Amino acid sequence: MADPFRGWVIERAREPGVFRTDLTVDDLSEGDVLVDVAYSSLNYKDGMAMTAKGPIIRSFPLVPGIDLAGTVIESQSAKFKPGDEVLLNGYGVGEKHSGGYAERARLRADWLLKVHEPLSMRQVMAVGTAGFTAMLSVQALELQGVPRGAEVLVTGAAGGVGSMSIVLLAAAGYRPVAATGRQALEGYLRELGAVDVVGREEVGAEVKGPLGSARWPAAIDSVGGAFLANVLKSMAYEGVVAVCGLAGGGDLPTSVYPFILRGVRLIGIDSVMLPMFKRDAAWGRLSVLLDTDKLDKLTEVIALKDVPAAAEKIMAGQVRGRVVVDVKA
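Residues numbered from 1 in each chain as written. Predicted model: local features only at pLDDT ≥ 70, side-chain atom pairs only at ≥ 80, totals over all residues. Heavy atoms only, no water.

*Asks:* What exactly am I supposed to notice about the overall build of the protein chain here?
*Replies:* Helix and strand counts for the protein chain come out as 10 helices and 15 strands. Relative to the globule expectation of 20 Å for 329 residues, the C-alpha radius of gyration of the protein chain, 20 Å, shows essentially globular dimensions. In terms of its C-alpha atoms, the protein chain occupies a principal-axis envelope of roughly 65 × 40 × 35 Å. Per-residue burial over the protein chain gives 56% buried out of 329 residues. Here the contacts in the protein chain between residues at least 6 apart in sequence split such that 72% fall between residues at least 24 apart. (Helix = DSSP H or I, 4+ residues; strand = E, 2+ residues; numbered from the N terminus. Rg over C-alpha atoms; globule rule 2.2 N^0.38 Å. Buried < 20%, exposed > 50% of the residue type's maximum accessible area, 1.4 Å probe, protein only. Contact = heavy atoms within 4.5 Å.)

Structure below.
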């Protein structure tokens, strides 16, 4: 029998993760590619799964972790061979199929991509689902015709999606404006590329009536809820909002007025089931556009055993930027 390996397992619903050192391949979900996992990352979904504060895990027992990067050990698919460096995000991994918080993962070849050079496995996990979602959001604004040089409001700016959005927007020629409740991080946000930093209470303040002042030509929102409703009321004529999160709630208490009186467009961003050709194109764009020096500045690396503490922090809104999990540490 193969040597046992370490990993986190969610054994039952509404219970936090359990650290085990005796896992075997038989404990993993089925798949045709076995990967030696080098890195994973921490996303809001992972925080909910590890702390049992959200119904993320849908099959038990399960290894959490919605992102991973590693090296192929065995492959029954012609797409990959031993030694290939691969990455995965999405497809329900870490939710209904064992994911990245263990030293081994067994996955479907159809879900995997080779790591795009010049990015390393550590760097693609610094990007992770949060950065990938940010890239999709920027592409959505481009597709909707938002002109280069336009201001783009970024809500939840100090979080993973927000931080990556600022870096990518600046690299793509936009002028990101960071909205955050953590004003102490203004220097950090400007260093990433924000041209201005505004208070969360200012942007999210309740707008009386169906519309507010027409202020923002475009926005990337990871907050949702009443906060997003007020952002929509403050969009300029034919403004575009790419919505990709719900940290502030899943309800949207708004009206049709922003859409029919100002032509505002609300574009939903999904990174989980995105078709592979679009996924590959987005990672390719990331590999060209991304400033890796800025990526390093917004990234913290933790050991596998430290995931629960980091999960509590992300649920409390105390994580800045991106957290990479060194699965071997």
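The rest of the description comes next.
*Asks:* Could you clarify how one ought to interpret the side chain of Asp-67 in this entry?
*Replies:* Position of Asp-67 relative to the elements: it lies in strand β4 (residues 67-75). By relative accessible area, Asp-67 is classed as buried at 0%. What Asp-67 contacts, discounting residues up to four positions off in sequence, is Ser-40, Ser-41, Asn-43, Leu-88, Asn-89, Gly-100, Met-125, Gly-128, Thr-129 and Arg-322.

*Asks:* Explain the layout of surface pockets here, please?
*Replies:* Rolling a probe over the atoms, with the probe sized like a water molecule, indicates the empty space that remains. Empty space within the second largest pocket amounts to approximately 310 Å³. If you trace the second largest pocket, you find it lined by Leu-136, Gln-139, Ala-140, Leu-143, Gln-144, Ile-267, Gly-268, Ile-269, Asp-270, Leu-274, Lys-278 and Ala-281. Secondary structure elements with two or more residues in the lining of the second largest pocket: α2 (121-143), β13 (265-268) and α8 (276-289). If you tally residues by element for the lining of the second largest pocket, the top one is α2, at 4 residues. Class assignment for the residues of the lining of the second largest pocket results in 7 nonpolar, 3 polar and 2 charged. (1 Å grid on protein atoms, 1.4 Å probe; cavity = no way out; pocket = protein on both sides within 12 Å on 5 of 7 lines; lining within 4 Å. Points joined across faces, edges and corners; volume = space filled by probe spheres on them. Nonpolar A, V, L, I, M, F, W, Y, C, P; charged D, E, K, R; others polar.)

*Asks:* How should I be thinking about unusual backbone geometry in this particular structure?
*Replies:* As a rule of thumb, non-glycine residues mostly have phi less than zero, and peptide bonds are mostly trans rather than cis. Of note, the amide linkage connecting Phe-60 to Pro-61 takes the cis form, showing an omega dihedral of -10°. Within the fold, Pro-61 resides in the loop between α1 (44-51) and β4. A cis amide bond links Glu-117 with the next residue in sequence, Pro-118, at an omega value of 10°. Residues other than glycine seldom take positive phi values, yet Arg-14 does so here, at roughly 60°.

*Asks:* What am I meant to see in a nonpolar patch on the surface here?
*Replies:* A grouping of Val-256, Tyr-257, Ile-260 and Leu-261 is seen on the molecular surface, where their side chains present a nonpolar patch of about 400 Å² in accessible area. Turning to its location among the elements, Ile-260 is positioned in helix α7 (residues 257-261). Exposure remark for Ile-260: the relative accessible area of 59% places this residue in the exposed category. (Patch = residues over 30% accessible without salt bridge, like charges linked within 9 Å, V, L, I, M, F, W, Y side chains within 5 Å. Areas by Shrake-Rupley, 256 points an atom, 1.4 Å probe, with all protein chains shown as cover. Salt bridge = Lys/Arg side-chain N within 4 Å of Asp/Glu carboxyl O.)

*Asks:* Is there a simple way to think about the environment of Gly-209 in this case?
*Replies:* Position of Gly-209 relative to the elements: it lies in the loop between α5 (200-203) and β11 (216-221). Given the relative accessible area of 41%, Gly-209 is considered partly exposed. Expressed as a C-alpha distance, the spacing of Gly-209 and Ala-126, which sit 83 residues apart in the sequence, is 41 Å.

*Asks:* It is not clear to me how the sheet that holds strand β8 (residues 151-154) should be interpreted in this structure. Could you clarify?
*Replies:* Sheets are built from strands that pair by backbone hydrogen bonding, the pairs being arranged parallel or antiparallel. Sheet architecture is open: 6 strands sit in the order β10-β9-β8-β11-β12-β13, paired in parallel fashion. Two strands close off the open sheet at either side, each with one partner strand: β10 (196-199) and β13. Direction aside, neighbouring strands of the sheet carry axes that sit 20° apart on average. The pairing of strand β9 (residues 175-180) with β10 spans 4 bridges and is classified as parallel. Opposite Ala-178, over in β10, you have Val-197 as the bridge partner. Relative to the sheet, α2 contacts β8, β11, β12 (235-243) and β13, its axis offset from that of β11 by approximately 155°. Contacts between helix α6 (residues 225-233) and the sheet are confined to β8, β11, β12 and β13, with β12 contributing the most and set at about 150° to the helix. (Pairing = 2+ DSSP bridges. Axes fitted to C-alpha atoms, helices over the stretch in contact; angles between N-to-C directions.)

*Asks:* What exactly am I supposed to notice about the nonpolar core here?
*Replies:* Considering soluble globular proteins, one finds that nonpolar side chains tend to be buried as a cluster. With 56 residues, the main nonpolar core has Leu-141 and Leu-168 as its most contacted residues. Considering every element that reaches this core, the biggest residue donor is α2, with 13 residues. Aside from chain neighbours lying at most four places away, what touches Leu-141 is Val-146, Val-152, Leu-169, Ala-218, Ala-219, Ile-220, Val-240 and Ala-242. Residues Met-50, Val-86, Ala-102 and Val-325 belong to the second largest nonpolar core, which totals 43 residues. (Core = buried A, V, L, I, M, F, W, Y, C linked by side-chain atoms within 4.5 Å.)

*Asks:* Explanation requested: the packing of α2 against α8 in the structure shown.
*Replies:* The angle between the axes and the distance between the axes are what describe a pair of packed helices. Taken N-terminus to C-terminus, the directions of α2 and α8 make an angle of 100°; their axes are 9 Å apart at the nearest point. The angle between α2 and α8 falls in the class roughly perpendicular. On α8, the residues that touch Val-124, Val-127, Gly-128, Gly-131, Phe-132, Met-135, Leu-136, Gln-139 and Glu-142 of α2 are Arg-279, Ala-282, Trp-283, Arg-285, Leu-286 and Leu-289. Class assignment for the residues of the contact of α2 with α8 results in 9 nonpolar, 3 polar and 3 charged. (Parallel < 35°, antiparallel > 145°, perpendicular 65-115°, else oblique.)

*Asks:* Whenever I open this one, the pairing of β12 confuses me. Can you help?
*Replies:* Across the 9 residues of β12, 7 count as buried, placing the element largely inside the fold. The pairing of β11 with β12 spans 5 bridges and is classified as parallel. Along β12, the bridge assignment pairs Ala-218 with Val-240. Of the crossover connections in this fold, the one passing from β11 over α6 to the parallel β12 is right-handed. Looking at chain direction, β12 and β13 are connected through 4 bridges and run parallel. Each bridged residue has a counterpart across the sheet, and for Ala-242 the counterpart in β13 is Ile-267. (Right-handed = clockwise from strand over helix to strand, strands pointing away.)

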